[in-house]
Amino acid sequence: MEKATGYKVQYDMLPQDKPQDKLNILIASGEPYDVVTTAGTTDFKALYSDYAKKGALVDLGPLIDKYGPNIKAVIDPEALEAAKVDGKLYAIPTKSTKTVNTDLYIRQDWLDKVGLKMPTTLDELVTVLKAFKEKDPGGNGDGNIPLTVGGDSSFIPNIVGAFGMPNFWNDVNGKLTPRVLDPAFKDYAAFVSDLFKQGLIDKEFAANKAATTKEKFTSGKAGILMMNWSDVPTIADALTKNIPTAKATFIPAVQGKDGKTGLSASKGFDRITFIPKASKHPEDAIKWMNAKLEKDTFRTMAIGEENKHYTLKDGAYSPIQPIFTDERNQANNFLTGTDDKNYPIYWQARVRKDMRLYDAWNSLNGLAPEPTKVTDLLGYAPYMVEFSKNFQSLNTQSNDYTTKLIFGAEPFTGIDAFIAKFKSSGGDASYKEVNDWYATVKK
């Protein structure tokens, strides 16, 4: 990197414990760091917004115009726009890779044993769950668990998408609406509650941890598991060890009664990079970041050298092990913006380290019809005070209450009272703030 950019760089790390507090001290004391890169999470976006509003950061617009042709050419304009604070750009965004991460993972051999095809609708999924319960494909007698999920997963991926609510906030008649305020919420909760009453969902789901659900699946007790694609090799190894003939795969997005379908796809910033006002070399900082985005330099930084770290065949990048992992596994920590057209292609070399991993990712992303991938519409939202303050508590309230509805600890007659409580404890304020912003960006 020093040879390619012409700059020698000293890297320091924030502490793992309370990194935000340390960063606040560094910015407030005017420590002359030239570049700061943080995670793109809500808490760090809040700090970035606050620093920008207080005049603690360099306005990058003029510098990029003068020294950043690569930055302007390869970073997604929508991402640059989303990174602005009060109309000015104070940070270089590094986009998250748009991916579907979580879905329902099913025992294909159980499907074969009960003589059914992969479900494509909610009704077909219910038929599969009933067959898993009644026909004993796992050889567990009456101990088969058709579907196991964790207690913090009351909104079950794929199923919730069939009710038009794949994300926590979804567009309902032009307004971003949290799930519990969505008209479809009552129907979804009633549907999953009915599955529970029929014994088609793990009776212990409210108490399940993620590790518990995985153990039930890999030990051969459960037929369907809610899972992240990155867990496939680990789960597959454990399952095959216990049941050598077992086969499993992801369920494609199923359709609801009105044709709704969807798997949640992530969107947002993996990290953000800014230049503090105390920097002694802001021009050189931009020149350095610009040089890193020269096409060959960026590719070498991200995945290495051809025929040393990776091979290229028919447009597909595949890693050469072990050197790829040894020398490029942490390359993402050096990103300060990405070549947004090419990085998603380069990035696939990372999942080809294990072809089961690549196949799992590809089944949810590369092969999935684009309409079934529903992007988080708040992914590029700016820092919003009310939304950020209330999001975690509202999310917890929604999940806890929905879990209680599903296993009968709360009556459905109390939904309106819960909604009123949800609104008064930050839901209304968040809704207004989110939709004031959404109205400015909605196409």
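These figures come from a predicted structure and were not determined experimentally.

**Let's talk about the overall build of the protein**
Reasoning step 1: Along the protein, the regular secondary structure elements total 19 helices and 15 strands.
Reasoning step 2: Over its C-alpha atoms the protein spans a radius of gyration of 24 Å, differing by no more than 12% from the 22 Å that the globule rule assigns to 443 residues.
Reasoning step 3: With the C-alpha coordinates of the protein rotated into their principal frame, the extents come out at 70 × 55 × 40 Å.
Reasoning step 4: Sorting the 443 residues of the protein into buried and exposed places 49% on the buried side.
Reasoning step 5: Taking contacts inside the protein between residues at least 6 apart in sequence as the whole, the part at least 24 apart equals 76%.

**Concerning the packing of helix α2 (residues 19-28) against helix α3 (residues 42-53)**
Reasoning step 1: Orientation of α2 relative to α3, taken along the N-to-C sense of each, is 15 degrees, at an axis distance of 11 Å. In this view, α2 runs roughly parallel relative to α3, as classed from their interaxial angle. Relative to α3, α2 is oriented so that their crossing is right-handed. Facing P19, Q20, L23, N24 and I27 of α2, the residues of α3 in contact are D43, F44, L47 and Y51.
Reasoning step 2: Classifying every residue of the contact of α2 with α3 by side-chain character gives 6 nonpolar, 2 polar and 1 charged.

**Section: the pattern of salt bridges**
Reasoning step 1: In this structure the tally under the stated criterion is 20 salt bridges.
Reasoning step 2: The salt bridge partner of D123 is K257, with a shortest N-O separation of 3.7 Å. Of this pair, D123 sits in helix α8 (residues 122-134) while K257 sits in the loop between β10 (248-250) and β11 (263-265), and the two are 134 residues apart along the sequence.
Reasoning step 3: Here R356 makes a salt bridge to D354, at a shortest N to O gap of 3.1 Å.

**What about the packing of aromatic side chains?**
Reasoning step 1: Per the counting criterion, the structure on display carries 27 aromatic pairs.
Reasoning step 2: Summarising the aromatic geometry, the rings of Y48 and F274 are spaced 6.1 Å apart at their centres and angled 20 degrees between planes, so their arrangement reads as stacked. A residue pair is termed long-range when its members are at least 10 positions apart, and Y48 in helix α3 and F274 in strand β12 (residues 269-274) qualify at 226 residues. We note that Y48, like F274, is buried.
Reasoning step 3: Ring centres 5.6 Å apart and planes at 80 degrees place the aromatic pair F163 and Y188 in the edge-to-face group. On the criterion of sequence distance, the pair formed by F163 in the loop between β6 (145-148) and β7 (169-172) and Y188 in helix α9 (residues 185-197) is long-range, its members being 25 residues apart.
Reasoning step 4: Taking the relative accessible area as the measure of exposure, Y188 reaches 0% and is therefore buried.

**Describing the sheet that holds strand β4 (residues 91-95)**
Reasoning step 1: The strand order across the open sheet formed by 3 strands is β1-β12-β4, and the pairing between neighbours is antiparallel. Strands with a single pairing partner mark the edges of an open sheet, and in this sheet they are β1 (36-39) and β4. Neighbour-to-neighbour, the strand axes of this sheet turn through a mean angle of 20 degrees, independent of strand direction.
Reasoning step 2: Both β4 and β12 contribute to a ladder of 5 bridges, which runs antiparallel. Note that in β12 the partner of I92 across the bridge is T273.

**Points about the environment of V385**
Reasoning step 1: Counting through the fold element by element, V385 comes out in helix α18 (residues 385-406).
Reasoning step 2: Here the alpha-carbon distance between V385 and G268, two residues 117 residues apart in the chain, equals 18 Å.

**Concerning the environment of D43**
Reasoning step 1: For D43, the location among the structural elements is in helix α3.
Reasoning step 2: Taking the C-alpha atoms as reference, D43 lies 8.9 Å from Y383; in sequence the two are 340 residues apart.
Reasoning step 3: Within the structure, D43 has its side chain in polar contact with the side chain of T41 (distance 2.5 Å).

**Some remarks on unusual backbone geometry**
Reasoning step 1: A cis amide bond, omega 5 degrees, links Q321 with the succeeding residue P322.
Reasoning step 2: For N158, which is not glycine, the phi torsion reads 80 degrees and is therefore positive.
Reasoning step 3: Structurally, N158 is set in the loop between β6 and β7.
Reasoning step 4: Unusually for a residue other than glycine, N307 sits at a positive phi of about 70 degrees.
Reasoning step 5: Inspection of the secondary structure puts N307 in the loop between α13 (295-303) and β13 (310-313).
Reasoning step 6: Residue classification places N307 among the exposed residues on the basis of a relative accessible area of 60%.

**Observations concerning the packing of helix α11 (residues 232-242) against helix α17 (residues 355-366)**
Reasoning step 1: Contact pair α11 / α17: the axes reach a minimum separation of 8 Å and the direction vectors enclose 115 degrees. With respect to the hand of their crossing, α11 and α17 are arranged in right-handed fashion. Here V232, P233, A236 and D237 of α11 lie close against α17, whose contacting residues are R356, L357 and A360.

**Re the nonpolar core**
Reasoning step 1: Counting residues in each nonpolar core, the largest one holds 70 residues, and the members touching the most others are W229 and F274.
Reasoning step 2: Listed in part, the 44 residues of the second largest apolar core include L122, V160, Y188 and I251.

**Details of α11**
Reasoning step 1: Residues of α11 that are buried: V232, P233, I235, A236 and L239. Seen along its axis, α11 keeps its buried residues to an arc of 160 degrees; they face one direction. Facing away from the buried side of α11, by more than 90 degrees, are the exposed residues T234 and K241.
Reasoning step 2: Close packing links the buried residues of α11 with β5 (102-107), α10 (210-218), β9 (222-228), β10 and α17.

**Remarks on the sheet that holds β9**
Reasoning step 1: Read across the sheet, 4 strands follow the order β6-β9-β5-β10 without closing on themselves; strand pairing throughout is mixed. Unpaired on one side and paired on the other, β6 and β10 mark the two borders of the sheet. Neighbour-to-neighbour, the strand axes of the sheet open up by a mean angle of 25 degrees, direction not taken into account.
Reasoning step 2: The pairing of β5 with β10 spans 3 bridges and is classified as antiparallel.

Thresholds, definitions, all that
Residues numbered from 1 in each chain as written. Predicted model: local features only at pLDDT ≥ 70, side-chain atom pairs only at ≥ 80, totals over all residues. Heavy atoms only, no water. Helix = DSSP H or I, 4+ residues; strand = E, 2+ residues; numbered from the N terminus. Rg over C-alpha atoms; globule rule 2.2 N^0.38 Å. Buried < 20%, exposed > 50% of the residue type's maximum accessible area, 1.4 Å probe, protein only. Contact = heavy atoms within 4.5 Å. Axes fitted to C-alpha atoms, helices over the stretch in contact; angles between N-to-C directions. Parallel < 35°, antiparallel > 145°, perpendicular 65-115°, else oblique. Left-handed = near helix turned anticlockwise from the far one by under 90°. Nonpolar A, V, L, I, M, F, W, Y, C, P; charged D, E, K, R; others polar. Salt bridge = Lys/Arg side-chain N within 4 Å of Asp/Glu carboxyl O. Phe/Tyr/Trp six-rings, centres within 6.5 Å; stacked < 30°, edge-to-face > 60°. Pairing = 2+ DSSP bridges. Polar contact = N/O pair within 3.5 Å; in protein donor to acceptor, adjacent residues only side chain to side chain. Core = buried A, V, L, I, M, F, W, Y, C linked by side-chain atoms within 4.5 Å. Arc of directions from axis to C-beta.

Worth remembering: the numbers are spatial, not functional.
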